[in-house]
Protein chains: 2
Amino acid sequence: MTGPRYTPLIDSLPSTVPFVGPETQERRMGHPFAARLGANENGFGPSPRAIAAMAAAAGEVWKYGDPENHDLRKALAEKHDCDPANIVVGEGIDGLLGYLVRLVIAPGDRVVTSEGAYPTFNFHVAGYGGELHKVPYKGDHEDPDALIALAKQVGPKLIYIANPDNPMASAHPGETILRMVEQVPEGALLVLDEAYVDLAPEGTAPAIPADDPRVIRFRTFSKAHGMAGARVGYAIGAKPLIAAFDKIRNHFGMSRISQAGALASLQDKTWQAYMRRLIAASRDRIGEIAAENGLSALPSATNFVAIDCGRDGTFARAVLEELTGAGIFVRMPGVAPQDRCIRVSCGPEPEMEAFAAALPGALDRARARLG
Amino acid sequence: MTGPRYTPLIDSLPSTVPFVGPETQERRMGHPFAARLGANENGFGPSPRAIAAMAAAAGEVWKYGDPENHDLRKALAEKHDCDPANIVVGEGIDGLLGYLVRLVIAPGDRVVTSEGAYPTFNFHVAGYGGELHKVPYKGDHEDPDALIALAKQVGPKLIYIANPDNPMASAHPGETILRMVEQVPEGALLVLDEAYVDLAPEGTAPAIPADDPRVIRFRTFSKAHGMAGARVGYAIGAKPLIAAFDKIRNHFGMSRISQAGALASLQDKTWQAYMRRLIAASRDRIGEIAAENGLSALPSATNFVAIDCGRDGTFARAVLEELTGAGIFVRMPGVAPQDRCIRVSCGPEPEMEAFAAALPGALDRARARLG
């Protein structure tokens, strides 16, 4: 009696996960975090209208969700001034990135991204046997010129960029991304991850026609809309590419409650404006806390802030560990020199104050450990 | 400017979907169905405790769900008397079947199933390039002996059987499935879809040790628990196989609201017992309605009933079309001779009565059309 015969690709994959969840850390520690500021969730929460819509939908959850996501796609098409056939809704950007990679990447196919960019995208590329080619960040920004230059060299099927960036919170103006689109080599597709663009300065989202076949854009309800746990993301792209998702996606994969919540949130424009102000104020507060401790906060176009701890990755990791021990959930970039920073999500005042209270001691103990 | 370069496999796939949703039909008709009895949803709805838990979780949906599904897996492990490491939770059985197929099926690999069995499983097999080999039903049951015999002949990596069966609602005793497990050829894995087993007679679920490497069992909150729209399924299998899902699954793919609802539903044993009684009564009512119209209902071990319309597939399809036109959403088996039936889901009295009111006219019009 043996187990199943896995594919050679599956046998070759390591047993890694892109992120360890805060609940796992809490179970290891034996107590909950005092401040949950590590996953770029939005602790200000969803729109009250979205909460009401989701609560109302709970009693109707005996029905499968509409597999066409018709009403949500229609509303999104209006927002983005395109056709519903330009939009696919899925189980978060993570789920949609998985589908996209499956559509184009077979073993040995090449993909270009940045060293230190979104690991879940890399998880999917590796999971379909793709070959990752990476360029470094430039001045804490992803580097469009370097990405295009490497793409012209290696002939990838996908080129990934997040704008705004995660984990550094930096952003390029929309014009820079538009110029990048113009240079995408024949046969490649630009994967433009705009998870945080709702929170970025005016002009960060480029005016790309939905039917441009060189690019696919990803958006989410996880960040500005405060609905990470609902798992609603969408992609905007040329109609043939969007139609291709139907060949493979989990057609009945969307929660009906999440569909109702996303639609209600989209309609609550007052809340969205309010959220942008709350998050801007929280970014400022994180900057103040950093400054009070002699650290500098990097400019942020997102709902999180990278704080430069002023030394190397070993030191920043020690600060992070001390914060974790003090009940503050934060994360940090994975590669040098960005790993000199810790990454702190915006959140309500009590969590900000818990972070402010814990940081001085965490810095002291990190300095004491490392000299 | 061209689009992306898809994989050869993707280029070869047709643009089909396993099921057209009732909302799509409603949009085409221009009015909603009076009775939604086609997707084996459970119109009696979720446990009030689950509804309360989901409504309460709506305000907390700014947090990602626990990617380990720890609390739910712990509760499921207690229910099934196994280790949490024997259980993987995913986005419905559909999502988990997709992951399983991805783990084992590469282009050209073989899979054995029944002609007319669950089309979404076939969708996934085709989606990874697998080769489907099929046996016919025997007496409106899936045929374990024939499945094993074909498996011994073609050497598949997966053998699919649903017990109870969908679309016929028939079931084998657990002992029959146990004997089937004993005969699974080396190198094959039995995929035992038990979506409906909570509603089947005592003894239908076989006592398979969770660590048996020859079989993986699938369960869901979509049927007995009335939570189809929440997208919570799980699989029970040997620890190495369950661990393999972590190599590829969408770790943050589960809705936090759905996690909370499933856990609450699992704990509400009173509701589960009540649900079994409601569904048994509804099965009887569907049988009465069939008999009142001179038709016979097949025995059901599920929350739906196959009604033999007494003629061929063309006639049953005409009855179905006439029911649809009268506002009654039902479906039917896809292949002969099972396609002599229509498939009607159990549901509350108003929907049963709408079906009862519509069936005589639908039969008359179908007879008039076909003579």
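All of these numbers come straight from a predicted model, not from anything done at the bench.

So, how was this worked out
Residues numbered from 1 in each chain as written. Chains lettered and ligands numbered in written order. Predicted model: local features only at pLDDT ≥ 70, side-chain atom pairs only at ≥ 80, totals over all residues. Heavy atoms only, no water. Helix = DSSP H or I, 4+ residues; strand = E, 2+ residues; numbered from the N terminus. Rg over C-alpha atoms; globule rule 2.2 N^0.38 Å. Buried < 20%, exposed > 50% of the residue type's maximum accessible area, 1.4 Å probe, protein only. Contact = heavy atoms within 4.5 Å. Areas by Shrake-Rupley, 256 points an atom, 1.4 Å probe, with all protein chains shown as cover. Lys, Arg positive; Asp, Glu negative; His and termini not counted. Charge placed at Lys NZ, Arg CZ, Asp CG, Glu CD. Core = buried A, V, L, I, M, F, W, Y, C linked by side-chain atoms within 4.5 Å. Pairing = 2+ DSSP bridges. Axes fitted to C-alpha atoms, helices over the stretch in contact; angles between N-to-C directions. Domains from an automatic or database assignment. Buried area = accessible area lost by both parts, 1.4 Å probe. Salt bridge = Lys/Arg side-chain N within 4 Å of Asp/Glu carboxyl O. Polar contact = N/O pair within 3.5 Å; in protein donor to acceptor, adjacent residues only side chain to side chain. Nonpolar A, V, L, I, M, F, W, Y, C, P; charged D, E, K, R; others polar. Least-squares fit on C-alpha atoms with pLDDT ≥ 70 in both. UniProt positions renumbered as here; feature names shortened; annotations may be inferred. Patch = residues over 30% accessible without salt bridge, like charges linked within 9 Å, V, L, I, M, F, W, Y side chains within 5 Å. Phe/Tyr/Trp six-rings, centres within 6.5 Å; stacked < 30°, edge-to-face > 60°. Lys NZ or Arg CZ within 6 Å of the ring centre and 35° of its normal.

K.L.:
Even after reading the chapter, I still don't get the overall build of chain A, so can you show me in this structure?
P.N.:
Helix and strand counts for chain A stand at 13 helices and 12 strands. Here the C-alpha radius of gyration of chain A, 21 Å, is about what a compact globule of 371 residues would show, namely 21 Å. In terms of its C-alpha atoms, chain A occupies a principal-axis envelope of roughly 60 × 55 × 50 Å. Here chain A holds 371 residues, and 66% of them are scored as buried. For chain A, the proportion of contacts with a sequence separation of at least 24, taken over those separated by at least 6, is 73%. In the form shown here, chain A has an accessible surface area of approximately 12,800 Å², with 54% of it arising from carbon and sulfur atoms. If the 38 positive side-chain charges of chain A are averaged to one point and the 44 negative ones to another, these points end up 3 Å apart.

K.L.:
Would you take a moment to explain the nonpolar core for this structure?
P.N.:
Within soluble globular proteins, side chains that are nonpolar generally end up buried alongside one another. By size, the foremost hydrophobic cluster in this structure holds 89 residues, and its most contacted members are Leu158 of chain A together with Leu158 of chain B. With residues near it in sequence (within four places) discarded, Leu158 of chain B still touches Leu100, Val101, Val104, Ile105, Arg110, Val111, Val112, Phe121, Leu189 and Val191 of chain B. Ranked by size, the runner-up nonpolar core spans 46 residues in total, among them Ala77 and Ile87 of chain A together with Met54 and Met227 of chain B.

K.L.:
Explain the environment of Gly38 of chain B to me, please; I cannot follow it from the model alone.
P.N.:
Residue and element names in this part refer to chain B. Along the polypeptide, Gly38 turns up in the loop between strand S1 (35-36) and helix H3 (48-58). For Gly38, a relative accessible area of 0% corresponds to the buried category. In sequence terms Gly38 and Ser258 are 220 residues apart; their C-alpha atoms lie 23 Å from each other. Not counting the four nearest positions on each side in its chain, Gly38 is found in contact with Phe329, Val330, Arg331, Arg343 and Ser345.

K.L.:
Just checking my understanding: could you explain the sheet that holds strand S4 (residues 131-135) of chain A for this structure?
P.N.:
Each strand in a sheet pairs with its neighbour through backbone hydrogen bonds, running either in the same direction (parallel) or in the opposite one (antiparallel). Residue and element names in this part refer to chain A. As summarised here, the arrangement of the seven strands in space is S2-S8-S7-S6-S5-S3-S4, forming an open sheet in which the pairing is mixed. Either end of the sheet is taken by a strand with one partner, and the two such strands are strand S2 (87-90) and S4. Within this sheet the neighbouring strands show an average axis-to-axis angle of 20 degrees, counted without direction. Taken together, the five bridges between strand S5 (residues 158-162) and strand S6 (residues 189-193) define a ladder with parallel strand orientation.

K.L.:
Just to check I follow, could you spell out the domain arrangement of chain A for this structure?
P.N.:
A common way to report how large an interface is uses the accessible area buried once the components associate. All names here are of chain A. Domain boundaries assigned for chain A yield domain 1 (20-45 + 270-370) and domain 2 (48-267). Averaged C-alpha coordinates put domain 1 and domain 2 at centres separated by 26 Å. Each partner contributes residues to the interface: domain 1 has 25 residues there, and domain 2 has 25 residues. Carbon and sulfur atoms supply 58% of the area buried between domain 1 and domain 2, which totals about 1,900 Å² over both sides. Looking at the side of domain 1 facing domain 2, the largest losses of area belong to Gln272, Ala301 and Gln338, adding up to 27% of the total buried there.

K.L.:
Hey, could you run me through the interface of chain B and chain A in this one?
P.N.:
With 86 residues of chain B in contact, the opposing surface of chain A contributes 86 residues. At the boundary of chain B with chain A, total buried surface from both sides reaches about 7,200 Å², with 59% on carbon and sulfur atoms. Of all residues in chain B, Trp62, Tyr64 and Lys247 of chain B bury the most surface against chain A, accounting for 12% of the area lost on that side. Our enumeration of links across chain B and chain A arrives at six salt bridges. Here Asp66 of chain A ties to Arg27 of chain B by a salt bridge, and the two come within 3.1 Å at their closest N and O atoms. Taken together, the connections running from chain B to chain A amount to 46 residue pairs in polar contact (both at pLDDT 80 or more). Broken down by secondary-structure element, the contributors of at least two residues to the side of chain B that touches chain A are helix H1 (8-12), helix H2 (22-29), H3, helix H5 (92-104), helix H6 (119-127), helix H9 (239-245) and helix H10 (256-267) of chain B. Residue contributions to the side of chain B that touches chain A peak at five residues, all from H5 of chain B. Classifying every residue of the side of chain B that touches chain A by side-chain character gives 38 nonpolar, 25 polar and 23 charged.

K.L.:
What's the story with the pattern of salt bridges in this structure? I'm lost.
P.N.:
Pairing between side chains of opposite charge can happen when the charged atoms of each approach one another. Under the definition given, this model contains 48 salt bridges over all chains. Ionic pairing is found between Glu23 of chain B and Arg256 of chain A, a salt bridge with its closest N-O pair at 3.1 Å. Taken together, the positions of Glu23 of chain B in helix H2 and Arg256 of chain A in helix H10 (residues 256-267) put the pair across two chains. Here Glu23 of chain B matches Arg256 of chain A in class, with each residue buried. One salt bridge in this structure joins Asp211 of chain B and Lys239 of chain B, with 2.9 Å as the shortest N-O distance. Linking Asp211 of chain B in the loop between strand S6 (189-193) and strand S7 (215-220) with Lys239 of chain B in helix H9, this pair joins segments that are 28 residues apart in sequence. Given the relative accessible area of 39%, Asp211 of chain B is considered partly exposed. The class of Lys239 of chain B is partly exposed, set by a relative accessible area of 33%. One salt-bridge network, in which partners are shared between bridges, spans Glu23, Arg36 and Glu41 of chain A together with Arg256 of chain B.

K.L.:
Help me understand the side chain of Ser300 of chain A, please; the structure alone is not making it clear to me.
P.N.:
All names here are of chain A. Topologically, Ser300 is positioned in the loop between strand S9 (296-297) and strand S10 (304-308). Here the side chain of Ser300 touches Thr302 through a polar contact of 3.1 Å, landing on its backbone nitrogen. For Ser300, the contacting residues outside a window of four places in its chain are Ala169, Arg283 and Val305.

K.L.:
Explanation requested: the relation of the copies chain B and chain A in the structure shown.
P.N.:
For the pair chain B and chain A, the relating rotation is 180 degrees, the translation along its axis is 0.0 Å, and the fit reaches an RMSD of 0.0 Å. The relationship between the two copies is best expressed as a two-fold rotation axis. For chain B, the minimum C-alpha distance to the rotation axis belongs to Ala55 of chain B and amounts to 2.1 Å. The residues that chain B uses at the interface reappear at the interface of chain A in 100% of cases, marking a shared surface.

K.L.:
Would you explain the UniProt feature "domain: Aminotransferase class I/classII large" (unreviewed entry) in chain A in this entry?
P.N.:
In this structure's numbering, the residues bearing the UniProt feature "domain: Aminotransferase class I/classII large" (unreviewed entry) are residues 37-359 of chain A. The straight-line gap between the two end C-alpha atoms of residues 37-359 of chain A is 13 Å; of that span, 41% is helix and 15% is strand.

K.L.:
Honestly, the environment of Ala58 of chain B in this entry has me stumped. Any pointers?
P.N.:
Relative to the helices and strands, Ala58 of chain B is located in helix H3. Ala58 of chain B sits in the buried class, given a relative accessible area of 0%. Linking Ala58 of chain B and Phe218 of chain B, residues 160 residues apart in sequence, is a C-alpha distance of 27 Å. Other than its neighbours up to four places away in sequence, Ala58 of chain B contacts Pro46, Ile51, Met54 and Ala55 of chain A together with Ile257 of chain B.

K.L.:
Which parts of the structure should I look at to understand the sheet that holds S9 of chain A?
P.N.:
Pairing in this open sheet of three strands is antiparallel, and the strands run S9-S10-S12 (chain A) from one edge to the other. At either end of the open sheet lies a strand with only one pairing partner, and these are S9 and strand S12 (341-345) of chain A.

K.L.:
Just to check I follow, could you spell out the side chain of Arg249 of chain A for this structure?
P.N.:
Examined against the element boundaries, Arg249 of chain A turns out to sit in the loop between helix H9 (239-245) and H10. The class of Arg249 of chain A is buried, set by a relative accessible area of 7%. There is a polar contact of 2.7 Å between the side chain of Arg249 of chain A and the backbone oxygen of Pro67 of chain A. When residues no more than four places from it in sequence are discounted, the contact partners of Arg249 of chain A are Pro67, Glu68, Asn69, Val88, Val89 and Tyr99 of chain A together with Phe123 of chain B.

K.L.:
Got a minute to help me understand a positive patch on the surface in this structure?
P.N.:
Residue and element names in this part refer to chain A. Taken together, the side chains of Lys79, Lys269, Arg276 and Arg277 make up a positively charged region of the molecular surface. Broken down by element, the residue count for the positive patch peaks at three residues, all from helix H11 (residues 269-292). We classify Arg276 as partly exposed; its relative accessible area is 40%.

K.L.:
In this structure, what is going on with the packing of aromatic side chains? I would like to understand it.
P.N.:
The way to describe two aromatic rings as a pair is by their centre distance and the angle between their planes. For the structure on display, the rule yields 14 aromatic pairs over all chains. Aromatic side chains Tyr64 of chain B and Phe252 of chain B sit 5.6 Å apart centroid to centroid with 75 degrees between the ring planes, which places their arrangement in the edge-to-face category. Remark: Phe252 of chain B occurs in the loop between H9 and H10 and Tyr64 of chain B occurs in the loop between H3 and helix H4 (70-80); sequence separation between them is 188 residues. The exposure classification of Tyr64 of chain B matches that of Phe252 of chain B, with both residues buried. Ring plane angle 25 degrees and centroid distance 4.7 Å describe the contact between Phe121 of chain B and Tyr160 of chain B, whose orientation is recorded as stacked. Highlighted residues: Phe121 of chain B in helix H6 and Tyr160 of chain B in strand S5 (residues 158-162), separated in sequence by 39 residues. A cation over an aromatic ring shows up here: Arg102 of chain B above the ring of Tyr128 of chain A, its NZ or CZ 3.8 Å from the ring centre.

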